[in-house]
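Coordinate analysis (summary)
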Amino acid sequence: MRDGIELETDLLPRTEKPGRMSLSVHLEDAARLLRESGPTLADRYGWLETMINHVPDYIYAKDLEGRFLFANEAVVSNNGLSSVDELIGLTDFDLHGQELASSIAEIEQRVIQSGVADLGFEEPALKGGPDRWLMMSRVPLKDADGRTVGVVGASRDITARKNSERLMSIQARLLEMIIGAVPAAEFFENFAVLLDESSDGVQAALFIPDGDRELRLAACAASTWLKDTRVRVAGPQTAAHEIEAYVRSMRSASDYVRSIEIRASDGSLHAVVVLTMFGRRPDPSYCEFVTSAARLAGIAVDRILAEERISFLAEHDALTGLLKRERLDHELKEMLSQAALEGKRVAVAFIDLDNFKLINDTLGHDAGDELLKEVASSIRAAMAPDGTAARIGGDEFVVVLPDCGGDILDRVEQLRNAIGRPHLVRGHVLRPAASIGVALFPDHAGQPSQLLARADLAMYRSKRNGRDGTTVFTFDMAEEASIKLQRLEELRRAVKNEELILHYQLQRDLRTGALTGVEALVRWDHPVEGMILPCNFIPIAEESGLILEVGAAVLEMACRQGRAWQDAGLAPVKIGVNMSARQFQDAKLNAMVAGVLARTGLEPRWLEIEITESLIMNDVDAAVRRMDELTKLGVGLALDDFGTGYSSLSMLKRFPLSRLKIDRSFIADAPNDPDDGAIVSAIISLANTLGLEVVAEGVETEAQAQYLLAAGCHEIQGHLLGRPEAPSVVEGLLRSAQGHVPVEGTLG
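So, here's what we can say about the structure. (Residues numbered from 1 in each chain as written. Predicted model: local features only at pLDDT ≥ 70, side-chain atom pairs only at ≥ 80, totals over all residues. Heavy atoms only, no water.)

Counted by the stated rule, this structure contains 48 salt bridges. Across the pair Arg248 and Glu244 runs a salt bridge, and its minimum N-O distance is 2.5 Å. Placement of the pair is Arg248 and Glu244 together in helix α9 (residues 239-248), with a separation of four residues, close to one helical turn. A salt bridge links Glu543 to Lys484; its shortest N-O distance comes to 3.6 Å. Pair noted here: Glu543 is in helix α17 (residues 538-544) and Lys484 is in helix α16 (residues 475-496), with a separation of 59 residues, a long-range link. For Glu543, a relative accessible area of 56% translates into the label exposed. (Salt bridge = Lys/Arg side-chain N within 4 Å of Asp/Glu carboxyl O. Helix = DSSP H or I, 4+ residues; strand = E, 2+ residues; numbered from the N terminus. Buried < 20%, exposed > 50% of the residue type's maximum accessible area, 1.4 Å probe, protein only.)

This is the structure:
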């Protein structure tokens, strides 16, 4: 104090003054006071001491022997003393002991002797734990004559910065692992090592979930202190707390134990890290560092798992986890090469689930997917440990069984039985059946693609033989397939070269004898083989999808012929055209029919499309929509082969039909067989009730015709009227029928 003015406090802002004063105003006031007061040396020393004590850094001065001459309050309190007077005259050897003080004394003596400052040296703090760091600067202390009389030191706590650098270093390591496509298991191991290295005395153990009720040890740099590698837990939400309690029970009471969760972006648990420190607690900043590192690890694991998932899905089926076709081809090639070197056999089993579409149609696609996963699991369990399985289609699988001896059929049967065991799906017990084809290396083929193709052929033979069975490939199957392929190519050319022709079968009214219509029946006028009936090529067309082109060509020819007969002066007759299931399901059907009618000029009412019961019963709602679209064009619809399907009266009422055609199988014995007769009578009665016309197919005798007339069926079709004939012959029949008035009850 000088002249009643206390400089130390007047240098600071007075809180009782109203308003807030800027720092520059305070400095100007301080300068004015200094000018007016003329401070003494003691004042200046007091101010300097006050300022130094307000600095949070550690500042001190020592003599040539390393004895403290001065230190600010930060140094005093850090050494556990109450005042600077207790520190004056002591050395670091007095405070820290020989081992720690020696390194300090060495640096300070070097500065004193060389006269060169030592600036910005980073070193662990002597107190505050191993996670605490200081940045030291030491300069020579000189007197007025320039002689070195000691050393002045200043240090700053850089723990926060070191933690940040450490976190950045770990972050860089994490990014390196991500870029390097490190697998998740290796990542966890490396992360545990990083935490072990992050501070002295730290041990890290990393546990990952194995289901909802168990944690499995995934990484631990020093695992000898862990008794078990698996720990039961109540659930993911309490897993961290429970694993911490488990580890704590094995450690000393003085050890620090803490668990940190590594969670995914969606909140699910990736892992739990358990940190232990021997006999001490970590600095709070270190805890923050570990928490931040765990968050980074969660992001890294998300990325790693996403890349692993992408890589997995590139080669594996997303639904079942089995191999995709491309990966199967690669592995099969390797297995065949190895088998060739060792002189061993390899079996390829091609599996197709029977009637799987029925599951999708009745229980829904989700149930179908669930069943496929169950089947895939059964296949994994049943095949040999060195076997390979793949899903190559909707309900198609391939299993490769290496080192096959003479028990191949037994092993495949075990596989089929495993697939057929009961599976509980959405409350339904399902027993899937499978048709399996088997081909052997080197017996049946030497190349992967050929082996798969021949196993596929054998599978289709199992389907043909009644399904739910196993067939081993034989070479006659390959020959048959080759013939079928050749026939398909010939049929493609036939459509292009207009080798398909139509013959027409007459339909006649039993009451009047009048011709009421014709049914168009396709034939193949083969350039070498001559006339081929539809039963010998339509199945191939349906199987290959060529039926769409064949059907369109048939419809075009029939409509064009109907219009030609009318243009030739003949009375119009209805022309019936059969339609396959593939055609009926085609989304472009309505547009195709409309286009044909427009091009040919045939009125829609003279076209009748014939569909079968089995065709429309697959999906009744979709069938009704498609039939409505066709009837809006003005086209008639006939239900062909009626009585052989499963339609009910309630369903028939929904169908916009114009005619029912009784299947020939009921006509043959109807006059003599009471059962067939009853069925025919019931169909005729049903048609009359629904207001539909009824036509009997396959009528071959006069007795059948008279029976049908008596039963109320007025129209017939069959060999009694004549076989299907070429258009020119039918035209003659139509002309001769014009003007002819037949007697009722005769055929004219």
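Further remarks concern the nonpolar core. In this structure, Phe584 and Leu607 are the most contacted members of the largest nonpolar core, which totals 77 residues. At seven residues, the largest contribution of residues to this core is made by helix α18 (residues 547-567). Non-local contacts of Phe584, meaning those with residues more than four positions away in its chain, are made with Met579, Leu589, Ile611, Leu615, Ile616, Ala623, Arg626, Met627 and Leu630. Of all hydrophobic cores here, the second largest spans 34 residues; its members include Val182, Phe188, Leu206 and Val273. (Core = buried A, V, L, I, M, F, W, Y, C linked by side-chain atoms within 4.5 Å. Contact = heavy atoms within 4.5 Å.)

Let's shift gears to the packing of helix α8 (residues 184-197) against helix α10 (residues 284-315). Here α8 crosses α10 at 165°, and the two axes come no closer than 10 Å. Judged on the interaxial angle alone, α10 and α8 are roughly antiparallel. Our pair here, α8 against α10, has a crossing hand that is right-handed. On α10, the residues that touch Ala184, Phe187, Phe188, Phe191 and Leu195 of α8 are Tyr286, Ala293, Ala294, Ala297, Ala300, Val301, Ile304, Leu305 and Glu308. A per-class count over the contact of α8 with α10 returns 13 nonpolar, no polar and one charged. (Axes fitted to C-alpha atoms, helices over the stretch in contact; angles between N-to-C directions. Parallel < 35°, antiparallel > 145°, perpendicular 65-115°, else oblique. Left-handed = near helix turned anticlockwise from the far one by under 90°. Nonpolar A, V, L, I, M, F, W, Y, C, P; charged D, E, K, R; others polar.)

It is worth spelling out helix α13 (residues 365-382) at this point. Over its 18 residues, α13 runs 25 Å from end to end, which matches the ideal 26 Å to within 8%, given 1.5 Å per residue. Listing the buried residues of α13 in full gives Ala367, Gly368, Leu371, Leu372, Val375, Ala376, Ser378 and Ile379. (Expected span 1.5 Å × (residues − 1).)

Once that is clear, we can look at the environment of Gln706. Relative to the helices and strands, Gln706 resides in helix α26 (residues 702-711). By relative accessible area, which is 36% here, Gln706 ends up partly exposed. Sequence separation between Gln706 and Pro671 is 35 residues; the distance between their C-alpha atoms is 8.9 Å.

To continue, consider the sheet that holds strand β8 (residues 230-232). Reading across from one edge, β8-β7-β6-β10-β9 is the order of the five strands in this open sheet, with antiparallel pairing throughout. Because the sheet does not close on itself, it has two edges, and the strands there are β8 and β9 (256-263). The average angle at which neighbouring strand axes cross in this sheet is 30°, direction not considered. Here six bridges tie strand β6 (residues 202-209) to strand β10 (residues 269-277), and the two strands are oriented antiparallel to one another. For Val202, the partnering residue across the bridge sits in β10 and is Met277. Here α8 sits on the sheet and contacts β6, β7 (214-220), β9 and β10; the angle it forms with β6, its principal contact strand, is near 155°. (Pairing = 2+ DSSP bridges.)

The values are spatial; any link to function lies outside them.
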